[in-house]
Amino acid sequence: GQITSTEELVTMKLDAIRNRLLYISTMVSIASLCVATASLVGSIFGMNLLNNLENDPNAFAQVLAGALIGSVGLFVLISFWAYRSGVLPQGVL
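Residues numbered from 1 in each chain as written. Predicted model: local features only at pLDDT ≥ 70, side-chain atom pairs only at ≥ 80, totals over all residues. Heavy atoms only, no water.

With that settled, the discussion passes to the overall build of the protein chain. A count of helices and strands for the protein chain gives two helices and zero strands. Its C-alpha radius of gyration of 22 Å places the protein chain more than 25% over the 12 Å reference for a compact globule of 93 residues. C-alpha atoms of the protein chain, sized along the principal axes, occupy 80 × 25 × 15 Å. Intrachain contacts of the protein chain at a sequence separation of at least 6 include 72% that bridge at least 24 residues. (Helix = DSSP H or I, 4+ residues; strand = E, 2+ residues; numbered from the N terminus. Rg over C-alpha atoms; globule rule 2.2 N^0.38 Å. Contact = heavy atoms within 4.5 Å.)

Looking now at helix H1 (residues 2–46). Taking 1.5 Å as the rise per residue, H1 with 45 residues should run 66 Å; its terminal C-alpha atoms sit 65 Å apart, in good agreement. Within the span of H1, buried status applies to Tyr 23, Met 27, Ile 30 and Cys 34. Residues of H1 that are buried sit in contact with helix H2 (59–85). (Expected span 1.5 Å × (residues − 1). Buried < 20%, exposed > 50% of the residue type's maximum accessible area, 1.4 Å probe, protein only.)

Further remarks concern the environment of Phe 75. Take Phe 75: it is sitting in helix H2. If we ignore the near neighbours within four places in the chain, the residues touching Phe 75 are Met 27, Ile 30, Ala 31 and Cys 34.

As a further point, take the packing of H1 against H2. Where H1 contacts H2, the axes come no closer than 9 Å and their chain directions differ by 150°. When the axis of H1 is compared with that of H2, the two are roughly antiparallel. Read as a crossing pair, H1 and H2 show a hand that is right-handed. Judged by residue contacts, Tyr 23, Met 27, Ile 30, Ala 31, Leu 33, Cys 34, Val 35, Thr 37, Ala 38, Val 41 and Phe 45 of H1 engage Val 63, Ala 67, Ser 71, Leu 74, Phe 75, Ile 78, Ser 79 and Tyr 83 from H2. Here the contact of H1 with H2 is built from residues that sort into 16 nonpolar, three polar and no charged. (Axes fitted to C-alpha atoms, helices over the stretch in contact; angles between N-to-C directions. Parallel < 35°, antiparallel > 145°, perpendicular 65-115°, else oblique. Left-handed = near helix turned anticlockwise from the far one by under 90°. Nonpolar A, V, L, I, M, F, W, Y, C, P; charged D, E, K, R; others polar.)

Listed below in structure tokens is the structure:
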């Protein structure tokens, strides 16, 4: 009767909330992968190795811009792949 219907409605709402949390968790994981990739570039250039960029006044800005563009591009690429492959549902948020 009505109790079963109410129970099913509550179960469906909880399922929808759980799915949104899983979606957000997946997006945060993708974002943290992209940030880790950008920090890898910074850690490589932060080592005390000679790479002939020490004397270039624009090297820091170029490496920073490349890391940021690469990180955002990687986020877009992985997100696009996840949507196209069906890993992430479309229209969740």
